[in-house]
Amino acid sequence: QLARIQTDSVVEMLRELYPDLRIEIAVAMSTTGDKILDTALSKIGEKSLFTKELENALERNEVDLVVHSLKDLPTSLPPGFTIGAVCKRENPLDAVVFHPKNCGKTLSLLPEKSVIGTSSLRRAAQLKKKFPQLEFRDIRGNLNTRLKKLDEKEDFSAIILAAAGLKRMGWENRIGQLLSPEDCLYAVGQGALAVEVRAKDQEILNMVSALHDADTVLCCIAERAFMKRLEGGCSVPVAVDTMLKDGQLYLTGAVYSLDGSDSLKETMQTSVNYPQQNEDGPNDDVQHVGITAKNVPGQAQEAAENLGVELATLLLSKGAKHILSVARQLNDAR
């Protein structure tokens, strides 16, 4: 349902821009990640879980564009594909949804040993450290399924979900607590929608590029570059927080051990205040961590990417590689 709502919102934006365009939402597909619901995400493998089947349809020209949550897309796309649009970001923060009997509470007010559901190693690692009195357990399934599990059983006192998904579903009233970046840094690309297209399909690329939100693009390029340099994915706890203000891009990035006891966190900034230049010709198809954004100044995109790489390099120099490789081994052994 959420995937459909997200797709409809992109189609709506395209229809406003191109009233004569005929758009068919041709295919509703289940991906591997949707079908395997009894295993933690971090155990099944990497991000292409939710994208492979959709990319196959794109490759076979059965569809012309695919709408994803940007956080589901790997930092390196298969050859021949690109993210042709990154839409304006919804609130990227994580949200706590409480069991009806805990309505009005916050995480710190829950009784000791209360069980919190989350399928994200990133969320669990940060919150275990902050709320050692609580227990964290895997919960899988789409938003509807997870809310049903919460409401109809007594297994969980609360679950953690992305605020953006709840908002898009019209379930904002279920948000009992928004977790600030001080409580929980969010996932790379969280809250942003991405439109994936064939990299060589100039017509479609030009059409969807009108949907790019420049600020979101720059924040997400920095975040994705950070993740890529760290070689992070679903199986390790990597988290970010970005802000663009007065032409300055601020990126906070962190890595965690699985139990949150070991962590590294740093913030860096760079100027992204560059004018748009006519970059016709060979630069047309320049991708920055899988994103092609013709209408965002190339120098600004480059600065954002460099910021992500430099921040990751700083964390690696302080021992991030060890924290992440231990996290990966422990996760594999679980």
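Values in this document were obtained by computation on a predicted structure and should not be read as measured data. (Residues numbered from 1 in each chain as written. Predicted model: local features only at pLDDT ≥ 70, side-chain atom pairs only at ≥ 80, totals over all residues. Heavy atoms only, no water.)

Colleague: Could you give me a rundown of the overall build of the chain, with the residues and numbers involved?
Modeller: Across its full length, the chain carries 11 helices and 11 strands. In the chain, which comprises 334 residues, the proportion classed as buried is 51%. For the chain, the proportion of contacts with a sequence separation of at least 24, taken over those separated by at least 6, is 72%. As displayed, the chain offers around 15,300 Å² of accessible surface, 48% of which is attributable to carbon and sulfur atoms. (Helix = DSSP H or I, 4+ residues; strand = E, 2+ residues; numbered from the N terminus. Buried < 20%, exposed > 50% of the residue type's maximum accessible area, 1.4 Å probe, protein only. Contact = heavy atoms within 4.5 Å. Areas by Shrake-Rupley, 256 points an atom, 1.4 Å probe, with all protein chains shown as cover.)

Colleague: Just give me the short version of the nonpolar core, but keep the residues and values in it.
Modeller: Formed by 51 residues in total, the largest nonpolar core has its most connected members in Leu70, Ile83, Phe226, Leu230, Val238 and Val255. For this core, the secondary-structure elements that each account for two or more residues are helix H4 (52-59), strand E2 (81-86), helix H9 (214-230), strand E9 (238-245), strand E10 (248-256), helix H10 (298-317) and helix H11 (320-333). It is H9 that contributes the most residues to this core, 10 residues altogether. With near-sequence residues (within four places) excluded, Leu230 lies in contact with Val238, Val255, Ala312, Leu316, Ala320 and Leu324. Core analysis: the second largest hydrophobic core is formed by 15 residues, Ala85, Ile204, Leu205 and Leu211 among them. (Core = buried A, V, L, I, M, F, W, Y, C linked by side-chain atoms within 4.5 Å.)

Colleague: Now, about the environment of Ser9: what can you tell me, with residues and values included?
Modeller: Within the element layout of this structure, Ser9 appears in helix H1 (residues 2-17). Overall, Ser9 belongs to the partly exposed group, its relative accessible area being 29%. Along the chain, Ser9 and Leu193 lie 184 residues apart, while their C-alpha atoms are 9.7 Å from each other.

Colleague: I'd like a rundown of H10, residues and numbers included.
Modeller: Think of an α-helix as 3.6 residues a turn; residues three or four steps apart then line up on the same face. Taking 1.5 Å of rise per residue, 20 residues should cover 28 Å, and H10 covers 28 Å from first to last C-alpha, within 8% of that figure. Of the residues making up H10, those classed as buried are Gly298, Ala300, Gln301, Ala303, Ala304, Leu307, Gly308, Leu311, Ala312 and Leu315. Among the structural elements, H9, E10, strand E11 (263-271) and H11 are those in contact with the buried residues of H10. Following H10 by one or two positions, Gly319 adopts a phi angle in the positive range, close to 115°. (Expected span 1.5 Å × (residues − 1).)

Colleague: Tell me about the sheet that holds E10, residues and numbers included.
Modeller: With respect to topology, three strands assemble into an open sheet ordered E9-E10-E11, the strand pairing being antiparallel. Strands with a single pairing partner mark the edges of an open sheet, and in this sheet they are E9 and E11. Strand-to-strand, the axes of this sheet are offset by a mean angle of 15°, without reference to chain direction. Bridging between E10 and E11 involves nine bridges; their strand directions are antiparallel. Each residue of the ladder has a partner; that of Tyr256, found in E11, is Ser263. Contacting E9, E10 and E11, H11 crosses the sheet at an angle of about 50° to E10. (Pairing = 2+ DSSP bridges. Axes fitted to C-alpha atoms, helices over the stretch in contact; angles between N-to-C directions.)

Colleague: Before we move on, can you summarise the pairing of strand E8 (residues 193-198) with the specific residues and values?
Modeller: Within E8, six of the six residues are buried, which leaves the element mostly enclosed by the surrounding structure. Of the pairings in the sheet, the one linking strand E1 (residues 66-69) to E8 comprises four bridges and is antiparallel in character. Within the sheet, the bridge partner assigned to Val67 lies in E8 and is Val195. Direction of pairing for E2 relative to E8: antiparallel, over a ladder of five bridges. From the neighbouring strand, Phe81 faces E8, where its bridge partner is Arg198.

Colleague: Go over the side chain of Thr7, please, and point to the residues and values.
Modeller: Looking at the secondary structure, you find Thr7 in helix H1. A relative accessible area of 19% places Thr7 in the buried class. Those residues within four positions of Thr7 in sequence are excluded, and the remaining contacts are Ile25 and Val67.

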